[in-house]
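# Reading the structure
If you want the building blocks of each chain, they are given just below.
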Amino acid sequence: MLLRAAVVLRRWWPEVVLGLGVVLAILGPVLRRGYVLRYDLVFVPDPPFGAMVWGSGSELPRAVPSELLAVGLSQLIPADIAEKALLAGCLALAAVGAARLAPVSHPVARIAAGLAYVWNPWVYGRLHLGQWAVIAGYAALPWAYAWVLGVLRRPTDGIGPGRRSAVAGALTVVLGGPAMVLAAVLACGPALALARQWRAMVAGVATLAGLTAPWLLALANRGGAVDLDERGVGAFAVRADTPLGVLGSVATLGGIWSRHAVPVGRDQWPVALLALVLAAAAVWGFVLTRRRWPPAAWWGLLAGAVLGTVIAVLPAWPVGAQSMVALVEHIPLAGAVRDGTRLLAPLALVQAVGLGMLVESLAATSARALAPLVMVAPVLLLPGLAWGLAGQLDTVRYPAEWSAVRAVVNGDPGGGSLVSLPWSSFRAYPWAGNVPMLDPAPRAFRRPVVGDQDVLVGRDRIRGESREADRVAAALAVPGDPGPALRRLGVRYVLIQTDQPGGAEVQGRFADAELVRRDGAFTLLRLSGNGSSVSAGSIGIVPVLGYSVLGATLLITLLPPAARQRCMLLCGHFCRRDRQ
């Protein structure tokens, strides 16, 4: 075993160095005890297997199954360490996957490919918004495409991940949600279709269906159509974050909808032009890979990148925005990909592979001195990604009041939900540096937590998709004591976070509620009445079924095949009849 590990380390040393280097360079200042809290990145101490894990809460099941992984890992190690492990694992998986996928052998070229895939505005934006699960789906794309390459031809030169490792790495795509699953389909589907590998396509579709079963079934269990706010299409559309316009920003892997998630300096002409030159050079390097990849693989990834870019850019123009609005109105899952910049992931993979090929070409010529410069060019153009987004990331600790309130609520076996007030989807805590973050309450309690689902994008308020939240908001909008109306909605507890704006005013409205706890940060009220008859810790049949299908899919995919039929399911390349 040790001998085999030494052999692997000797062959993979550039990737090992790259993975460790990327993690230390980006997450260095937060690799200590404490929680990194910002926007969507919210971990809580000792998280329970609550409603958000099973997708049975009031919100759409966007955190399924990523929340199960986060909570499950937090049962084995402290939650703050689990958070860092997941962040580091996502970044390392992305860098190593791209480095192994690129058809190059020179160590500098392999590092260049992996570095380009991680060190770009796309990753900066997602890390700034705390979307670790989206980065996990992004990290899976190189491994998924390595599986496609294995289907199209067996590697004979030792380049690229092994089939088992490629499949294992590709499975993390499900953590990224519908948008990253679509990105994987766009990246891998065209190549398999061009090669007429229909059985491999069926195997891939069946695997994706099994992996996405938890959130597909949770979505179906909600019943009826999802009422999405069509204004979200324009609010989350790509925007020009460089002087090059929308197309130039997208070509350099930018264009994210949030102006706060744009790296510093991208609005400067010299930086923008150099980024465009680097992107063009990477595309030219991808052209050179035609000699090393099967034609179907080369054209397929290029087609996926073009399709993803087109879908991402369309809502930025009136005609495309109207089409996307029509899709959102009639297809519930279309709303999950209204943040079109996520679909730039295949383009990022094209550029990463191309930059690795370009560096290897330079290393083989008299211009080999330029190879290291091109390798580190992404870092030079985006220094703000280093050292915790230039100091924006920091670690904090939850006040003791959180544990006390959680113990009271989670210790109550009675049914009923909890309403988190003030009515706002985001919080800014003084003890956390006043950084905007999602309300931690849905992740802290076993019982369903109902809170505001609306999102502010600039001056636009995008309506959420929770029917329960709409009913609670209507009850809170009526003057007077909202307690009786909330009781009729099955609410048992009201948690008022008094350290948030408007908390004191909300507290004064509840005149006929039992005061359970009051301290400097919280007021916990219990509403009298029968409430819901469902136990707070109960799990419905739908989550059990969904995760059972997910577990069976993982088992079938990862275990060694015991029969030819299983081999046909996992490795479509064995089915020679598909080769025309």
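Cut-offs used in this document
Residues numbered from 1 in each chain as written. Predicted model: local features only at pLDDT ≥ 70, side-chain atom pairs only at ≥ 80, totals over all residues. Heavy atoms only, no water. Pairing = 2+ DSSP bridges. Helix = DSSP H or I, 4+ residues; strand = E, 2+ residues; numbered from the N terminus. Contact = heavy atoms within 4.5 Å. Axes fitted to C-alpha atoms, helices over the stretch in contact; angles between N-to-C directions. Buried < 20%, exposed > 50% of the residue type's maximum accessible area, 1.4 Å probe, protein only. Phe/Tyr/Trp six-rings, centres within 6.5 Å; stacked < 30°, edge-to-face > 60°. Lys NZ or Arg CZ within 6 Å of the ring centre and 35° of its normal.

## Concerning the sheet that holds strand β9 (residues 522–526)
- The strand order across the open sheet built from five strands is β4-β1-β7-β9-β8, with neighbouring strands paired in mixed fashion. Where the open sheet ends on each side, the last strands, each with one partner, are β4 (449–450) and β8 (514–518).
- Relative to strand β7 (residues 491–497), strand β1 (residues 417–421) runs parallel, the two being bridged by five bridges. Note that in β7 the partner of Ser 420 across the bridge is Leu 495.
- Contacts from helix α20 (residues 400–410) reach β1, β7, β8 and β9, with the element oriented near 10° to β9.

## Some remarks on the pairing of β1
- Counted residue by residue, β1 has five buried out of five residues, so it is predominantly covered.
- Going residue by residue along β1, you find Ser 417, Val 419 and Leu 421 tucked away on one face and Leu 418 and Ser 420 tucked away on the opposite face as well.
- One ladder, built from two bridges, connects β1 with β4; its direction is parallel. Note on β4: the bridge partner recorded for Val 419 is Val 450.

## Here we look at the environment of Leu 31
- Inspection of the secondary structure puts Leu 31 in the loop between α1 (2–27) and α2 (51–54).
- Each C-alpha atom, one on Leu 31 and one on Glu 360, is 33 Å from the other, the two residues being 329 residues apart in sequence.
- Among all residues touching Leu 31, those that are not within four sequence positions of it are Val 23, Leu 24 and Lys 84.

## Details of the packing of aromatic side chains
- Throughout the structure, instances matching the rule amount to 17 aromatic pairs.
- When the centroid spacing of 4.1 Å and the interplanar angle of 5° are considered together, the rings of Tyr 117 and Tyr 138 count as stacked. Of the two residues, Tyr 117 is situated in helix α5 (residues 107–118) and Tyr 138 in helix α7 (residues 132–152); the sequence distance between them amounts to 21 residues. Assigned by exposure class, Tyr 117 and Tyr 138 land together as buried.
- Pairwise contacts between aromatic rings join Tyr 35, Tyr 398, Trp 402, Tyr 429, Trp 431 and Phe 522 into one cluster.
- Residue placement shows Arg 100 over the ring face of Trp 12; its charged tip is 4.2 Å from the ring centre.
- Geometry around Trp 122 places Arg 126 over its ring, the cationic atom sitting 5.5 Å from the centre.

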